[in-house]
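Residue-level listing of the chains:
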Amino acid sequence: MSAVIDIDPDVTAPVVPAVRVGRRDRASRFGLPVLSVLVFLGLWQVAAASGIWNEVFVPYPRTVWNAAVDASTTHDGVRGYQGYLLAEHLYMTLRRVFAGVVIGVAAGVALGLAMGTVGWVRHVLEPWLTFLRALPPLAYFFLLVIWLGIDEAPKIALLALAALPPAAVATTTAVLAAPVTLIEAARALGAGRAQVIRDVVVPAALPETFTGVRLAVGIAYSSVVAAELFNGIPGIGGMVKDASNYNNTPVVLVGIFAIGFSGLVIDALLRAVERRAVPWRGKI
């Protein structure tokens, strides 16, 4: 038994307009995050209104908003928090993070490139990087304070040490994973060791290196409160620590949200730079 299926060439499947698909994608991209924020705020409001927890522990969203407004303005003769506006606290924190990340990432990428291309360098440095990566920031911050004082130096050094291991490990892994076929092809064409590293290994390693840079920035940013334990005002970490001493939960939450939101913006900027700088990601 055989069956013959007659396909009419004039009958075509419905085509979804590209404009409609694009609008749907944009709606999902922006609508879902907004929806998740609204759900979070709703659950927060319910938890605060339930009375299960004291308002010292779970303040109302409105209370935190008022604390953010107070920290950002001059009110009743008081300028912001501890004499500095929220924007000034955030600026000082971002300046410290930027300085620490630039130092840590530059050193980490250089070490990773050396470890990925020279075997004995990797064998010597890898245990030390693992040791440093396993240490929590507070474990050596007090030592940095003893060595460098309580000004900016220990804060920047802590953030640099936090950013260095992930950048170095990611770069090392990326260099070791460079396509052997491309390396052999370059050598067959007469390229020397330096040319192979510059023209083949580095471009192939850049995508994963950027991932390591993003991780390094995140780890450094998560260490900023520890970095600003001493003489951290102005600074978001210093503001959070000072507010926690007085059980000022709304200001603590304002500082947490400021760190989180600015971290999202920084990560988005890094991803934009990565898309422009490494358009070949996933294509080799």
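This one's a predicted model, so the numbers in the text were calculated from it and none came from an experiment.

Student: Explain the side chain of threonine 209 to me, and be specific about the residues and the numbers.
Tutor: If you trace the backbone, threonine 209 turns up in helix 8 (residues 193-222). Among all residues touching threonine 209, those that are not within four sequence positions of it are Val109, Thr171 and Ala174.

Student: Give a description of the confidence of the model for the protein that names residues and reports values.
Tutor: Overall, the prediction assigns the protein a mean pLDDT of 85, with 89% of residues at 70 or greater. The element-level mean pLDDT for the protein is lowest in helix 1 (residues 18-49), coming to 78, with helix 2 (residues 61-72) highest at 94. Here residues 1-5 is modelled with pLDDT under 50, and outside its nearest four sequence neighbours on either side it reaches 0 contacts, counting other chains as well.

Student: An account of the pattern of salt bridges is requested, with residue identities and associated values reported.
Tutor: Within the structure shown, the criterion is met by 8 salt bridges. Here arginine 79 and glutamate 88 are joined by a salt bridge, their closest N and O atoms 2.9 Å apart. Exposure remark for glutamate 88: the relative accessible area of 26% places this residue in the partly exposed category. Note that arginine 198 and aspartate 199 form a salt bridge whose closest N and O atoms lie 3.0 Å from each other. Connected through shared salt-bridge partners, Arg214, Asp267, Arg271 and Glu274 make up one network.

Student: Got a sec to walk through the nonpolar core? Specific residues and values, please.
Tutor: If you look at the biggest cluster of nonpolar residues, it comprises 40 residues, and the most contacted ones within it are Leu158, Ile236, Met239 and Val254. Sorting elements by how many residues they give to this core places helix 11 (residues 249-277) first, with 7 residues. Dropping the residues within four chain positions of it, isoleucine 236 is found in contact with Leu86, His89, Leu90, Thr93, Glu228, Gly255, Ala258 and Ile259. Listed in part, the 10 residues of the second largest apolar core include Ala178, Ile183, Val196 and Val200.

How each quantity is defined
Residues numbered from 1 in each chain as written. Predicted model: local features only at pLDDT ≥ 70, side-chain atom pairs only at ≥ 80, totals over all residues. Heavy atoms only, no water. Helix = DSSP H or I, 4+ residues; strand = E, 2+ residues; numbered from the N terminus. Contact = heavy atoms within 4.5 Å. pLDDT = per-residue confidence, 0-100. Salt bridge = Lys/Arg side-chain N within 4 Å of Asp/Glu carboxyl O. Buried < 20%, exposed > 50% of the residue type's maximum accessible area, 1.4 Å probe, protein only. Core = buried A, V, L, I, M, F, W, Y, C linked by side-chain atoms within 4.5 Å.

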